[in-house]
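Summary of structural features
Listed here are the chains, written in short residue letters.
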Amino acid sequence: QVELVESGGGLVQAGDSLTLSCQASGFSFKSYTMAWFRQAPGKEREVVAVINYTGSNTYYSDSVKGRFTMSRDTTQNTAALQMNNLKPEDTAVYYCAADKNRLPPNMLTTEASFGSWGQGTRVTVSS
């Protein structure tokens, strides 16, 4: 019944910006921690950003700090990832994830921390 649908991926050039969106339904969005993960070709899935249920606390992986910003809109049940100054190494399938917990975002950085996942949206960054 929980459904997460990502959108906004595409093909861009290095240095461009792109915004991903995750539309949530089927659960109490305002009570869930939300996250973005990504999986690049030949690599394991890794956390990109995590935001707590109120949107007041966020975590970012070192590789995207200063370039990516995660936000959420509880009135629209959406979570967004604003990606700036994209690099070829950002190329990956990006996944939205959700879980009902109250742990700090920096303690929820693994796949096992999240019980619900979207199908992913592909981001390709050319050099």
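Every residue gets a number counted from 1 within its own chain, in the order that chain's sequence is written. For a predicted model such as this one, the threshold for reporting local features is a pLDDT of at least 70, and the threshold for listing and counting side-chain atom pairs is 80 or more; totals across whole chains, interfaces and linings nevertheless cover every residue. Neither water nor hydrogens contribute to the side-chain values; these are computed over all heavy atoms in the structure.

Observations regarding the state of the cysteines
- Two cysteine sulfurs form a disulfide in these notes if their separation is within 2.5 Å. Within the structure shown, the criterion is met by one disulfide.
- The disulfide partner of Cys-22 is Cys-96, and the gap between their sulfur atoms is 2.1 Å. Measuring the twist about the S-S bond at about -80°, one finds the Cys-22-Cys-96 disulfide to be left-handed. Highlighted residues: Cys-22 in strand S3 (residues 18-25) and Cys-96 in strand S9 (residues 92-99), separated in sequence by 74 residues.
- The cut-offs for exposure are 20% and 50% of the maximum accessible area for each residue type, with area from a 1.4 Å probe on protein chains only; residues under the lower value are buried, those over the upper are exposed, and the others partly exposed. The class for Cys-22 is buried, based on a relative accessible area of 0%.
- Judged by its relative accessible area of 0%, Cys-96 is buried. Put simply, DSSP marks the helices as runs of H or I at least four residues long and the strands as runs of E at least two long, and each gets a number from the N terminus on.

Section: unusual backbone geometry
- The phi dihedral of Asn-77 falls on the positive side, at around 55°, and the residue is not glycine.
- Considering the arrangement of structural elements, one finds Asn-77 in the loop between strand S7 (68-73) and strand S8 (78-83).
- Here the phi dihedral of Asn-85 falls at roughly 50°; this positive angle occurs in a residue that is not glycine.
- Tracing the sequence through the fold places Asn-85 in the loop between S8 and S9.
- By relative accessible area, Asn-85 is classed as partly exposed at 43%.

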